[in-house]
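# Descriptive analysis of the structure
The chain contents come next:
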Amino acid sequence: MIEKKATTSVNINDLIASRWSGRAYDPDRPVSKEEIIPLLEAARWAPSCYGDQPWRFIVFDRRNDKTGWDNAFSCLSEGNQVWAVNAPVLILSIADTLFSRNGKSNRWAQYDTGAAAVSLCLQATDQGLMVHQMGGFNADRARELFGIPDQYIPMAMMAVGYQLPLDRIKGETRERELSDRQRHPLAHNFFEGRWGNAYKI
Ligand SMILES: Cc1cc2nc3c(=O)[nH]c(=O)nc-3n(C[C@H](O)[C@H](O)[C@H](O)COP(=O)(O)O)c2cc1C
């Protein structure tokens, strides 16, 4: 995978700095079940409110389930389809809006599902895989196609695969894949003591 390590203000964990959302997938390099299971296992061990584990993930592997993958792909926005077409695996993350312990509304379900998704992404980075999350997909269509009950919210489709070797990435895609990663300055999003009071470093 192309190294696009974050330019951080201080040293941080290498895995966190190395994760990024590429778009140039190698269509000829499948991802085996043995490689997928650790991704799910990493998500499984994410923290969650009351330990409720509100996340659900549906895996679509083009090699083993072409129809399922095609259906998942058909949910993506046109802009995402352009590049996600080469991802051998798509994974849909879903949040359970109700606590399994008492059936009450779980306002942390989406937060927890996001945490599980990041764990999955970091595990993928560690395995040399690339994951790109997408909010650009038709959640209603996914709900219908995959029989997702009303109490669950389809959150993001994730493209999973190996990156195309750099010498095979051409044109605009190459430029985009090599472009710098950007973040707001730390003080923009992180406060000290009260809202809006920039954390000083
Ligand atoms: C919930 C969520 C939805 C996203 N939706 C899309 C999307 O529909 N299409 C896309 O190309 N990237 C999407 N992204 C990727 C972000 O654009 C990307 O994470 C961000 O630009 C930071 O880049 P990095 O992940 O390489 O650090 C999404 C990311 C997240 C977490």
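Quick summary incoming for the structure in this document. Fair warning: this is a prediction, and the values are worked out from it, not measured in the lab.

### Quick word on the packing of helix α2 (residues 33-44) against helix α5 (residues 109-126)
- Their axes nearest at 7 Å, the elements α2 and α5 cross at an angle of 140°. By the angle between their axes, α2 is oblique relative to α5. As for how α2 packs across α5, the hand of that crossing is right-handed. Note on element contacts: α5 touches α2 through Ala116, Ala117, Ser119, Leu120, Leu122, Gln123 and Ala124, opposite Pro38, Leu39, Ala42 and Ala43.
- In terms of residue class, the contact of α2 with α5 is built from nine nonpolar, two polar and no charged.

### Let's talk about the pairing of strand β4 (residues 152-161)
- For β4, a buried count of seven out of 10 residues is recorded, marking the element as mostly surrounded by other parts of the structure.
- Summarising the sheet, strand β2 (residues 89-96) and β4 pair through eight bridges and their orientation is antiparallel. Bridging across to β4, Ala95 finds its partner in Ile153.
- In this structure, strand β3 (residues 130-134) lies alongside β4, joined through five bridges in antiparallel fashion. The partner of Val131 across the bridge, within β4, is Val160.

### Side note on the site of the ligand
- Every residue close to the ligand is listed here: Trp20, Ser21, Asn80, Gln133, Met134, Gly135, Gly136, Ala156 and Arg181.
- Here the residues of the shell around the ligand are counted per class, giving three nonpolar, five polar and one charged.

### Regarding the nonpolar core
- Grouped together as the largest cluster of nonpolar side chains are 39 residues, with contacts concentrated most on Leu90, Val131, Met157, Met158, Ala159 and Val160.
- Among the elements of the structure, α2, β1 (55-61), β2, α5, β3 and β4 are those that each provide at least two residues to this core.
- Once you skip the residues sitting within four places of it in the chain, Ala159 turns out to touch Tyr25, Ala84, Ala87, Leu90, Val131, His132 and Met134.

### Things to note about the environment of Val160
- Among the structural elements, Val160 can be located in strand β4.
- Classification of Val160 as buried rests on a count of 24 C-beta atoms within 10 Å.
- Taking the C-alpha atoms as reference, Val160 lies 21 Å from Asp180; in sequence the two are 20 residues apart.
- Among all residues touching Val160, those that are not within four sequence positions of it are Val31, Ala87, Val89, Ile91, Ala124, Leu129 and Val131.

### A few points about the environment of Ser32
- Relative to the helices and strands, Ser32 resides in the loop between α1 (14-18) and α2.
- You can call Ser32 exposed: it has 11 C-beta atoms within 10 Å.
- C-alpha separation for the pair Ser32 and Ser77, spaced 45 residues apart in sequence, amounts to 26 Å.

### A word on the sheet that holds β4
- Strand order across the open sheet formed by four strands is β1-β2-β4-β3, with antiparallel pairing between neighbours. Each of the sheet's edge strands pairs with one partner strand only, and the pair in question is β1 and β3. Adjacent strand axes in the sheet meet at a mean angle of 25° when their direction is disregarded.

Rules of the game
- Residues numbered from 1 in each chain as written.
- Predicted model: local features only at pLDDT ≥ 70, side-chain atom pairs only at ≥ 80, totals over all residues.
- Axes fitted to C-alpha atoms, helices over the stretch in contact; angles between N-to-C directions.
- Helix = DSSP H or I, 4+ residues; strand = E, 2+ residues; numbered from the N terminus.
- Parallel < 35°, antiparallel > 145°, perpendicular 65-115°, else oblique.
- Left-handed = near helix turned anticlockwise from the far one by under 90°.
- Contact = placed C-beta atoms within 7 Å.
- Nonpolar A, V, L, I, M, F, W, Y, C, P; charged D, E, K, R; others polar.
- Buried ≥ 20, exposed ≤ 12 C-beta atoms within 10 Å, placed from the backbone.
- Pairing = 2+ DSSP bridges.
- Near = placed C-beta within 6 Å.
- Core = buried A, V, L, I, M, F, W, Y, C linked by C-beta atoms within 7 Å.

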